[in-house]
Amino acid sequence: MATGREFTLNTGAKLPAVGLGTWQSSEDEVYNAVMTALQAGYRHIDSAFAYGNESAVGRALKASGVPREEIFLTTKLWSTYHTRVAEGLAASLNNLGVDYLDLYLMHWPVAMNPNGNHPLFPTRTDGSRDLVSGSEWDFTKTYSDMQKLLDTGKVKAIGVSNFSIVNLKELLSAPTTTIVPAVNQVELHPYNPQPALISFCAQKGVHVTGYSPLGSTAAPLQEEAIIQSIASKTGTTPAQVLISWAVARGTSVVPKSVTPNRIVSNFNDFVLSKADVAAIDEISKVTRRRMVTPNWGVTIFHDEE
Ligand SMILES: NC(=O)c1ccc[n+]([C@@H]2O[C@H](COP(=O)([O-])OP(=O)(O)OC[C@H]3O[C@@H](n4cnc5c(N)ncnc54)[C@H](OP(=O)(O)O)[C@@H]3O)[C@@H](O)[C@H]2O)c1
């Protein structure tokens, strides 16, 4: 049974603990997934311009009949829009067919050439990503422009994604930063639990949302023996255990599925015992691994610092 837990952001808004992820879902798949999720009681949808399926997400939001104000809708500014933030927002609002977002995240702390050889992944002649960086641009400028969006009413909260402690410190100490990000969305699961980042964000009032909670494509974490044994002991699924572990740590979570029965069962998080949470915490002592590691050509995660 879904616990219906919520987290309160530094804006005062409530964020449902379990939302639907939409990465690597085709337009048809995501349309059906969002419809199924909203019927099952989900009220938090995680989208992104770069997933290429915002318009299908938007069509499903409308077709579901669920009032817009009951849904917490997140999308993300793509890196080729860092130097034209208002344009990025306009494109996402238009795709989604909505007047406002509940949360707009900077997808990655890296700006890419808006006029390069590809609209999403421009490259240089040597094949490396075509970044706008150095004295030309940095993510504090992007964030400064995102702050201005709040005054338009088209965005209720702003935040970041894939921000390490190093980059958060740089962002928070920038003279142009006047608003603490509401959320930092990062990769979190038992192979990559990032306790230092979670505690740093808590100290600064930044809520953390975990992505790839099942270990991303094909959900490899469900094969872990401890996850399976807790699932069988509690009469739940491995995915429900992983999702419930995330919520027990004070993080919201956005599992992706396009399979109706999985979408429904993933929403049924439960309260894990402290002992089970601690047992799952042990997994990273044996296996530490990130699943989402695009080669940006610059350091993103600062895992060694
Ligand atoms: N901010 C970022 O940079 C970033 C990066 C990555 C992800 N995200 C967000 O986080 C979301 C979740 O992460 P993710 O998509 O990487 O991976 P995930 O949610 O950890 O795992 C998705 C995979 O698990 C499968 N699955 C889902 N529920 C299952 C269940 N109950 N039993 C067995 N398998 C199950 C899905 O298959 P089916 O779909 O075939 O059912 C899919 O293959 C994304 O969709 C996206 O919204 C954000």
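Quick summary incoming for the structure in this document.

Conventions we followed
- Residues numbered from 1 in each chain as written.
- Predicted model: local features only at pLDDT ≥ 70, side-chain atom pairs only at ≥ 80, totals over all residues.
- Buried ≥ 20, exposed ≤ 12 C-beta atoms within 10 Å, placed from the backbone.
- Helix = DSSP H or I, 4+ residues; strand = E, 2+ residues; numbered from the N terminus.
- Pairing = 2+ DSSP bridges.
- Core = buried A, V, L, I, M, F, W, Y, C linked by C-beta atoms within 7 Å.
- Contact = placed C-beta atoms within 7 Å.
- Axes fitted to C-alpha atoms, helices over the stretch in contact; angles between N-to-C directions.
- Parallel < 35°, antiparallel > 145°, perpendicular 65-115°, else oblique.
- Near = placed C-beta within 6 Å.

## Side note on the pairing of strand β6 (residues 103-106)
And then number 1: Burial along β6 is two-sided: Leu-103 and Leu-105 and Tyr-104 and Met-106, pointing in opposite directions, are all buried.
And then number 2: Here strand β5 (residues 72-77) pairs with β6 via four bridges, running parallel. Counted as the bridge partner of Thr-74 is Leu-103 from β6.
And then number 3: Of the strand pairs in this sheet, β6 and strand β7 (residues 158-161) are connected by three bridges, and their pairing is parallel. Along β7, the bridge assignment pairs Tyr-104 with Ile-158.

## Focus on the nonpolar core
As a rule of thumb, nonpolar side chains are buried together in soluble globular proteins.
And then number 1: Leu-20, Val-34, Val-57, Leu-77, Tyr-104, Met-146 and Leu-242 are the most contacted members of the largest nonpolar core, which totals 73 residues.
And then number 2: Element by element, the count of residues in this core is highest for helix α8 (residues 238-248), at seven residues.
And then number 3: Those residues within four positions of Leu-77 in sequence are excluded, and the remaining contacts are Phe-49, Val-85, Gly-88, Tyr-104, Leu-105, Met-106, His-107 and Met-146.
And then number 4: Within the second largest apolar cluster, six residues are counted, among which are Trp-108, Ala-111, Met-112 and Leu-131.

## Details of the environment of Thr-3
And then number 1: Checked against the element boundaries, Thr-3 lands in the segment before β1 (6-8).
And then number 2: Taking the C-beta count within 10 Å as the criterion, Thr-3 has 14 such neighbours and is therefore assigned partly exposed.
And then number 3: For Thr-3 and Asn-268, which are 265 residues apart along the polypeptide, the C-alpha to C-alpha distance reads 7.1 Å.
And then number 4: With residues up to four places along the chain from it excluded, the contact list for Thr-3 reads Asp-269, Phe-270 and Val-271.

## Topic: the packing of helix α7 (residues 225-234) against α8
And then number 1: At a minimum axis separation of 8 Å, α7 and α8 run at an interaxial angle of 100°. If you check the angle between α7 and α8, you find them roughly perpendicular. Between α7 and α8, the residues in contact are Ile-227, Gln-228, Ile-230 and Ala-231 and Pro-238, Val-241 and Leu-242, respectively.

## Things to note about the site of the ligand
And then number 1: As a structural note, the neighbourhood of the ligand is formed by 31 residues, with Gly-21, Trp-23, Tyr-211, Ala-239 and Lys-256 the closest of them.
And then number 2: Considering every element that reaches the shell around the ligand, the biggest residue donor is helix α9 (residues 260-266), with three residues.

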